[in-house]
Amino acid sequence: MSPYVTLSVENNVGYVEFFHPNRNSMPSTILSQLEETIIKAGSSDAVKVIVLKSGGDRTFCAGASFNEVVEIENEAQGKAFFSGFANVINAIRKCPKLIIGRVQGKTVGGGVGLAAATDYCLATKYASIRLSELSIGIGPFVIEPAVSRKIGKVAMSQMTIDAETFFSWEFARDKGLYADVFDTTEDLDIAVKTLAEKLASYNPEALTEMKKVIWKGTEDWDALLAERAEISGRLVLSDFTKKTLKRFR
């Protein structure tokens, strides 16, 4: 299947879905489309609540597309690529609608950042998480504010330093990344649909005001995440990172 980002609306719930055949990895095209689609859903009168999900029944998101990252030739290109993740996180943050994350499987790097940026995240017991960036010569700089905000600086640091380990769904739930975890994808989808439609029936003004409260204190993220993208864009040019990525490519 070809990569895609779609928006479908059912019972005032906007389902934003992204997909890439390489384990839902994220090249710049998908990141740009995802940002635009979240903004579109946030401005639609037909959408009261948003669900962020990925296609397929296995990996939620493998993070940055290594195929694209290894082709980065200068700092400007590097910053532009990692700004894609910054733009999606900021789109989620600024969206006036509550966003529910639906995580059906493993998620790595930038995918953990997406899950952490949602306002409420549900997952399956197959949804282990990993921050692998340090092992390839960079770090989770862009997504760190979202991850630390959700699970705390200590847990974020633990995952970052133990970069080759998948942390269990129990860890993710206990640290606050997942609000609840289900045995199957079918059970997850029922729970997501039930919660989203219930929220969509509430006072939309109250939901918008609650969104502001949830994200209070993050007003500097436009500048902060841009600075972090610049750091990643510089580090990705290192010989260490280039050699490491070519092995995974």
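So, here is what we can say about the structure in this document. (Residues numbered from 1 in each chain as written. Predicted model: local features only at pLDDT ≥ 70, side-chain atom pairs only at ≥ 80, totals over all residues. Heavy atoms only, no water.)

1. Digging into the pairing of strand 6 (residues 120-124)
For strand 6, a buried count of 4 out of 5 residues is recorded, marking the element as mostly surrounded by other parts of the structure. Here strand 6 pairs with strand 8 (residues 180-182) via 3 bridges, running parallel. The residue of strand 8 that forms the bridge with threonine 124 is phenylalanine 182. (Buried < 20%, exposed > 50% of the residue type's maximum accessible area, 1.4 Å probe, protein only. Helix = DSSP H or I, 4+ residues; strand = E, 2+ residues; numbered from the N terminus. Pairing = 2+ DSSP bridges.)

2. Section: the packing of aromatic side chains
Within this structure, the stated rule accounts for 6 aromatic pairs. A ring pair is formed by phenylalanine 18 and phenylalanine 60, whose centres lie 5.6 Å apart and whose planes are at 75°; its orientation type is edge-to-face. Within this pair, whereas phenylalanine 18 is found in strand 2 (residues 13-19), its partner phenylalanine 60 is found in the loop between strand 3 (49-54) and helix 2 (66-69), the two being separated by 42 residues in sequence. Aromatic side chains phenylalanine 81 and phenylalanine 85 sit 6.1 Å apart centroid to centroid with 75° between the ring planes, which places their arrangement in the edge-to-face category. On the criterion of helical spacing, the pair formed by phenylalanine 81 and phenylalanine 85 is a turn pair, its members being 4 residues apart in helix 3 (residues 75-94). Grouped by ring-pair contacts, the aromatic residues Phe81, Phe82 and Phe85 constitute a single cluster. Seen from the ring of phenylalanine 166, lysine 106 lies directly overhead, with NZ or CZ sitting 4.5 Å from the centre. (Phe/Tyr/Trp six-rings, centres within 6.5 Å; stacked < 30°, edge-to-face > 60°. Lys NZ or Arg CZ within 6 Å of the ring centre and 35° of its normal.)

3. Quick notes on the pattern of salt bridges
Using the criterion set out here, one finds 12 salt bridges in the structure. With a closest N to O distance of 3.8 Å, lysine 53 and glutamate 17 form a salt bridge. With lysine 53 in strand 3 and glutamate 17 in strand 2, this pair connects stretches of sequence that are 36 residues apart. For the pair lysine 53 and glutamate 17, a shared accessibility class is recorded, and that class is buried. Note that lysine 94 and aspartate 222 form a salt bridge whose closest N and O atoms lie 2.9 Å from each other. Linking lysine 94 in helix 3 with aspartate 222 in helix 10 (residues 221-235), this pair joins segments that are 128 residues apart in sequence. Among the ionic contacts, a cluster of salt bridges with common partners joins Glu10, Lys193 and Glu197. (Salt bridge = Lys/Arg side-chain N within 4 Å of Asp/Glu carboxyl O.)

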